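# Structure assessment
Here's the letter readout for the chains.
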Amino acid sequence: MTRQRHYHPLAALHFLRKAVVVCLLPLANALLEFSLNALLTALRQDAALLLFLCGASSILLEASSWALDEAGVLRLRWAFISKRERIIRGEALAALTIERPLFFRLLGASRVVLYPVGQPAKRAVTLYLHKEDAQELADRLMPVRDPVCHRAAGGERAALVVLGANGLSTLALTYLAIRQSRPFPLTAEAVALSRLNVLVRFAAHWLPAGAAWILVLTGSLFGISLARSFVQTVHYAVWHTADQLGSRGGWLSRFEFRVRSSEISYADVRVSPIARLMKRWPVFVVAGSCRPELPLFVYRSGQEELFRELLPEFRMPPDTRHDLTHRSAVFFAPAGIPFGLCLLLVLVSRSVLPALTGTLLIPTAVFAVFLAGGLMGWLKEGIWLREGRFTLRRQKGVYLHCICVFHPDVCLHTFQSPWAARYQRMTLTLALPGQVRLKVRSIPVRDAAPCLNALEQKT
Amino acid sequence: MTEQELRRTAVIIPPTGRAVLCVWAAVPGLFAAPFVFWQSIVAGAGFCLLWGFLVYCLWARACSFAAVLGERTVTVYSGVALPVRQVLPRRAVTSVRLLRTPLLRLGGVSLLIVAAPGAKLFLPAIPAQQAGLLAHILAEDAP
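Residues numbered from 1 in each chain as written. Chains lettered and ligands numbered in written order. Predicted model: local features only at pLDDT ≥ 70, side-chain atom pairs only at ≥ 80, totals over all residues.

- Within an unreviewed UniProt entry, the label attached to chain B reads PH domain-containing protein, and the organism entered is Faecalibacterium prausnitzii.

### Examining the overall build of chain B
- The secondary structure content of chain B amounts to five helices and seven strands.
- Mapped from its N terminus to its C terminus, chain B presents α and β elements in the order α-β-α-α-β-β-β-β-α-β-β-α.
- Dimensions of chain B along its principal axes, counting C-alpha atoms only, are 55 × 30 × 25 Å.
- Across the 143 residues in chain B, those meeting the buried criterion constitute 29%.
- By sequence separation, contacts in chain B at least 24 residues apart represent 55% of the contacts at least 6 residues apart. (Helix = DSSP H or I, 4+ residues; strand = E, 2+ residues; numbered from the N terminus. Buried ≥ 20, exposed ≤ 12 C-beta atoms within 10 Å, placed from the backbone. Contact = placed C-beta atoms within 7 Å.)

### Notes on the sheet that holds strand 19 (residues 436–444) of chain A
- Reading across the sheet, the seven strands line up as 19(A)-18(A)-17(A)-4(B)-3(B)-2(B)-1(B) and stay open at both edges, with antiparallel pairing between neighbours. Two strands lie at the open edges of the sheet, namely strand 19 of chain A together with strand 1 (11–12) of chain B, each paired on one side alone.
- With four bridges connecting them, strand 2 (residues 66–69) of chain B and strand 3 (residues 73–78) of chain B associate as antiparallel partners. Along strand 3 of chain B, the bridge assignment pairs Val 68 of chain B with Thr 75 of chain B. (Pairing = 2+ DSSP bridges.)

### Considering the UniProt feature "transmembrane region" (unreviewed entry) in chain B
Residues and elements named next belong to chain B.
- The positions that UniProt labels "transmembrane region" (unreviewed entry) are, in the present scheme, residues 12–31 and 37–59.
- Segment residues 12–31 splits into 85% helix and 5% strand. End C-alpha atoms: 29 Å apart.
- Secondary structure content for residues 37–59 is 96% helix and 0% strand, and the end C-alpha separation is 25 Å. (UniProt positions renumbered as here; feature names shortened; annotations may be inferred.)

### Observations concerning the environment of His 14 of chain A
All names here are of chain A.
- Mapped onto the elements, His 14 comes out in helix 1 (residues 10–19).
- We classify His 14 as partly exposed; it has 17 C-beta atoms within 10 Å.
- Spatially, the C-alpha atoms of His 14 and His 240 are 33 Å apart, while their sequence positions differ by 226 residues.

### With respect to the packing of helix 2 (residues 15–39) of chain B against helix 3 (residues 41–63) of chain B
Residue and element names in this part refer to chain B.
- As a packed pair, helix 2 and helix 3 sit with axes 9 Å apart at the nearest point and diverge in direction by 170°. The pairing of helix 2 with helix 3 is recorded here as roughly antiparallel in orientation. In contact with Arg 18, Leu 21, Cys 22, Ala 25, Ala 26, Gly 29, Ala 33, Val 36, Phe 37 and Gln 39 of helix 2, helix 3 contributes Ile 41, Ala 43, Gly 44, Phe 47, Cys 48, Trp 51, Leu 54, Val 55, Leu 58, Trp 59, Ala 62 and Cys 63.
- Residue composition of the contact of helix 2 with helix 3, grouped by class: 18 nonpolar, three polar and one charged. (Axes fitted to C-alpha atoms, helices over the stretch in contact; angles between N-to-C directions. Parallel < 35°, antiparallel > 145°, perpendicular 65-115°, else oblique. Nonpolar A, V, L, I, M, F, W, Y, C, P; charged D, E, K, R; others polar.)

### With respect to the interface of chain A and chain B
- The partner chain B presents 20 residues to the 20 residues of chain A that form the contact.
- For the side of chain A that touches chain B, the secondary-structure elements that each account for two or more residues are strand 17 (411–415), helix 13 (418–422), strand 18 (425–432) and helix 14 (445–457) of chain A.
- Ranked by residue count, the leading element in the side of chain A that touches chain B is strand 17 of chain A, at five residues.
- Residue composition of the side of chain A that touches chain B, grouped by class: ten nonpolar, seven polar and three charged.
- Bridging between strand 17 of chain A and strand 4 (residues 84–89) of chain B involves four bridges; their strand directions are antiparallel. Each bridged residue has a counterpart across the sheet, and for Thr 414 of chain A the counterpart in strand 4 of chain B is Arg 85 of chain B.

### Re the confidence of the model for chain B
Residues and elements named next belong to chain B.
- Mean pLDDT for chain B: 91, with 99% of residues reaching 70 or above.
- Looking across chain B, the model is least confident in helix 1 (residues 3–8), with a mean pLDDT of 82, and most confident in helix 3, with 95.
- On the interface metric, ipTM, the complex scores 0.87, and its pTM is 0.81. (pLDDT = per-residue confidence, 0-100.)

### Notes on the sheet that holds strand 15 (residues 389–396) of chain A
All names here are of chain A.
- Spatial strand order, 13-12-11-16-15-14: six strands in an open sheet with antiparallel pairing. Pairing within the sheet leaves two strands with one partner each, and these edge strands are strand 13 (297–300) and strand 14 (382–386). Adjacent strand axes in the sheet meet at a mean angle of 25° when their direction is disregarded.
- Across five bridges, the pairing between strand 14 and strand 15 is antiparallel. Along strand 15, the bridge assignment pairs Ile 383 with Leu 392.
- Along the sheet, helix 12 (residues 354–380) contacts strand 14, strand 15 and strand 16 (399–405); its crossing angle with strand 15, the most-contacted strand, is approximately 155°.
- Sitting on the sheet, helix 14 is in contact with strand 14 and strand 15, with an inclination near 50° to strand 14.

### What about unusual backbone geometry?
- In this structure, Ile 81 of chain A takes a positive phi of about 65° despite not being glycine.
- If you check the backbone angles, Ala 125 of chain B has positive phi at about 50° while not being a glycine.
- Its place among the elements puts Ala 125 of chain B in strand 7 (residues 120–127).
- Owing to 26 C-beta atoms within 10 Å, Ala 125 of chain B belongs among the buried residues under this scheme.

### Points about helix 2 of chain B
Residues and elements named next belong to chain B.
- Spanning 25 residues, helix 2 covers 36 Å between terminal C-alpha atoms, matching the ideal 36 Å at 1.5 Å per step.
- Those residues of helix 2 that fall on the buried side of the exposure criterion are Gly 17, Arg 18, Val 20 and Leu 21.
- Among the structural elements, helix 3, helix 4 (102–107), strand 6 (109–115) and strand 7 are those in contact with the buried residues of helix 2. (Expected span 1.5 Å × (residues − 1).)

### Digging into the pairing of strand 15 of chain A
Residue and element names in this part refer to chain A.
- Counting buried positions along strand 15 yields six of eight residues, so the element is predominantly enclosed.
- Counting the residues between successive antiparallel strands, the hairpin from strand 14 to strand 15 contains two residues, one of them, Glu 387, with a positive phi of roughly 50°.
- Taken together, strand 15 and the strand that follows it, strand 16, pair antiparallel across an intervening segment of two residues, in which Gly 397 is found at a positive phi of about 65°.

### Looking at the packing of helix 1 of chain A against helix 3 (residues 36–63) of chain A
All names here are of chain A.
- It is the contact of helix 1 with helix 3, at a shortest axis distance of 9 Å, that shows an interaxial angle of 145°. The way helix 1 lies across helix 3 gives a crossing that is right-handed. Only Leu 53, Ser 57, Ser 58, Leu 60 and Leu 61 of helix 3 make contact with helix 1, whose side of the interface consists of Ala 11, Ala 12, Phe 15, Leu 16 and Ala 19. (Left-handed = near helix turned anticlockwise from the far one by under 90°.)

### Some remarks on the pairing of strand 3 of chain B
Residues and elements named next belong to chain B.
- From the end of strand 2 to the start of strand 3, which pair antiparallel, there are three residues.
- Bridging between strand 3 and strand 4 involves six bridges; their strand directions are antiparallel. When the sheet's bridge partners are listed, Tyr 77 is paired in strand 4 with Arg 85.
- What sits between the antiparallel neighbours strand 3 and strand 4 is a turn of five residues, in which Gly 79 has the positive phi angle 90°.

### So, the environment of Pro 14 of chain B
Residue and element names in this part refer to chain B.
- Here Pro 14 lies in the loop between strand 1 and helix 2.
- Sequence separation between Pro 14 and Phe 65 is 51 residues, and the spatial gap between their C-alpha atoms is 9.9 Å.
- Each residue touching Pro 14, except ones within four places of it in the same chain, is listed here: Val 109 and Pro 127.

Right under this line is the structure:
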C-alpha cells in the first residue's frame with residue numbers, strides 16, 4: 001500500500017470560504033449599534049472567530065488523508081475523535097474530472113471530482129490535491145492506454161469570430177447608450193411644470209437610456225461567456241481508448257474529463273441558434289451524475305467522421321414528427337405568459353407613455369425568442385426507438401437536445417393528466433443512473449407504447 | 001407461491017393494507033387538528049374535512065394500485081384521475097428493502113422498497129407473502 005498523503009491546503013480554504021460567513025454576524029451587530037466601540041468589539045470577536053476557524057481548518061487538513069494501493073483502490077480516511085474510511089475502486093467509477101482554474105494553477109493545486117457508478121451528484125467525491133498527486137490518481141483510477149487523439153480544428157477560429165462580432169456589437173451598443181444618457185435638462189421652466197409632469201418626463205427620458213445600458217450589460221456578459229468558452233477551446237484535444245473517452249484543454253483554466261465508455265448514460269447533440277448559424281454541433285456526454293458543462297467535441301455538418309469514431313453507437317432521432325393533434329400547450333406556457341404580459345404593456349405604453357415602448361420591446365423580444373423555442377419543442381419533441389435504443393428530442397429554452405440513450409438500465413415513468421388521458425397523450429420520463437431524468441412531454445400513447453414494451457423485450 | 005404464479009397475477013393492496021395506509025395518513029391530521037380547533041371551530045372543521053378528503057384520495061389511489069412482475073421488468077400502475085405507470089428493469093435493481101411495522105404485521109402486509117440507480121419503487125402495504133417472494137426474486141436478479 002502506498003503512503004498516506006494529505007490534501008492540498010486549498011481544501012481548508014474551501015472549508016474556510018463557507019465558514020467565514022459566521023464572521024459577518026458580529027459586524028452586523030456593530031452596524032446596528034453604529035459606534036466605534038461596537039466596531040472594535042466586533043473586530044476582536046472576528047479575530048477570535050478567524051483564529052478558531054484556522055485551527056479547525058488545520059485539524060481538518062491533518063485529520064484527513066488519502067492513500068492509493070497497488071490494486072488501484074482509493075482510501076479516503078478521517079481520523080479525528082472518530083475514524084472513518086471510504087473505499088473507492090477504480091472500476092466503480094463512471095467518470096472523473098480534473099479542473100485547474102487559474103488560482104489553483106498559481107498554487108499548484110487541482111480539483112479532482114470522482115463520479116461513482118449509479119450514484120447521484122451529491123455522492124460524487126471532490127478532492128483538492130497537489131497537481132502531481134491529481135495526475136497520478138487519475139492515471140491509476142482510470143488509466144489511459146493507447147489513446148487515439150484528435151485536436152479540434154477551426155474551433156478556436158470560430159470562437160474568435162463570434163467573440164469579435166460580440167465585441168463590435170457591444171461597442172456599438174455602448175455608443176448608443178452614452179448618446180441616450182444625456183443629462184436631463186431640469187431647468188426652471190421644467191420645474192415650473194407640475195410635479196407629476198416632471199416625474200413622467202424624467203421617466204420618459206431615462207428609461208430608454210436604462211434599456212440601452214441593460215443591453216450593453218447583457219452584451220458584455222455574453223462577451224465574457226464567449227471569452228470563457230474561447231479560452232477553454234485553446235489546446236483542446238479529445239481522445240478515445242478501448243474502454244474510455246476523454247478530453248482536455250484550456251488556456252488559463254485547464255480541465256480534463258475521462259469517462260468510461262460502458263457507463264455513458266446518453267450523448268446529447270445540443271442544437272442552439274448559434275450552433276445553427278455556425279453549422280457546428282456540440283456533443284455532450286453524460287455518465288452517471290457527471291454532466292460536464294463543456295462538450296466532449298464539436299463537429300461540423302458533413303464531417304461526421306470524428307463523431308462516428310468516438311460514438312459509433314449513436315443514432316440521431318429520426319426527422320419525423322409525432323402527431324400534433326391536441327398536443328398540450330404546456331410548451332408555450334413558460335415563455336408565453338410573460339410574453340403576453342409584456343406585449344400588453346407595450347400596447348398600453350403606446351398611448352400612455354410612448355417613450356417607454358422601446359424599453360418594453362426589449363423583454364418582449366427576449367420572451368418572443370423563448371416562445372419560438374417553445375414552438376420548436378411543440379413541433380419536434382418526442383421519443384423514438386431506433387435499433388433498440390431510445391432516441392429523443394427535447395426542448396429546453398432555445399436549445400433542442402437530440403439524445404441517444406446508451407445505458408441499458410433505463411427506468412420509465414409515465415404520467416397522464418385528465419386532459420392528456422382524454423386525448424390519449426402522456427408525459428414520459430426516463431430515469432437514468434445518477435438520478436438523471438429526461439422528460440418528453442405530451443406524446444401520443446401509441447408512440448410511447450413501443451418504448452414501454454421495449455424494456456420487457458430487451459435482453 | 002412460485003415466481004410463475006406471481007407473474008400470472010397482479011400484486012394489489014388488500015383492504016387491510018388500505019386501512020393501514022389510511023391510519024398512517026390520518027395520524028398527522030389527528031395530531032394537528034386540536035391546534036387548528038384552538039384557533040376556531042370553523043377552521044378546525046374545515047381542516048378535518050380537508051384532511052378527510054386527502055385520506056379519501058389516498059384510499060382511492062391505493063384501490064387503483066397494482067404491481068406486475070414481468071419476465072424482465074417490474075411495473076407499477078397507480079391512480080385513476082392522474083394515472084402513473086413506473087417500469088423498472090429487473091436487472092437494474094440494486095437493493096430491495098422489506099419493512100414491517102407492528103401495524104403492518106397486524107394487517108398481514110409489508111412495505112417493499114425497490115431501488116435502482118435511477119429510480120425507486122414503493123410498494124406500500126402489499127400482502128406479506130407476495131412481498132417476501134417479490135423481494136426474494138428481485139434480490140436474486142440484483143447484481
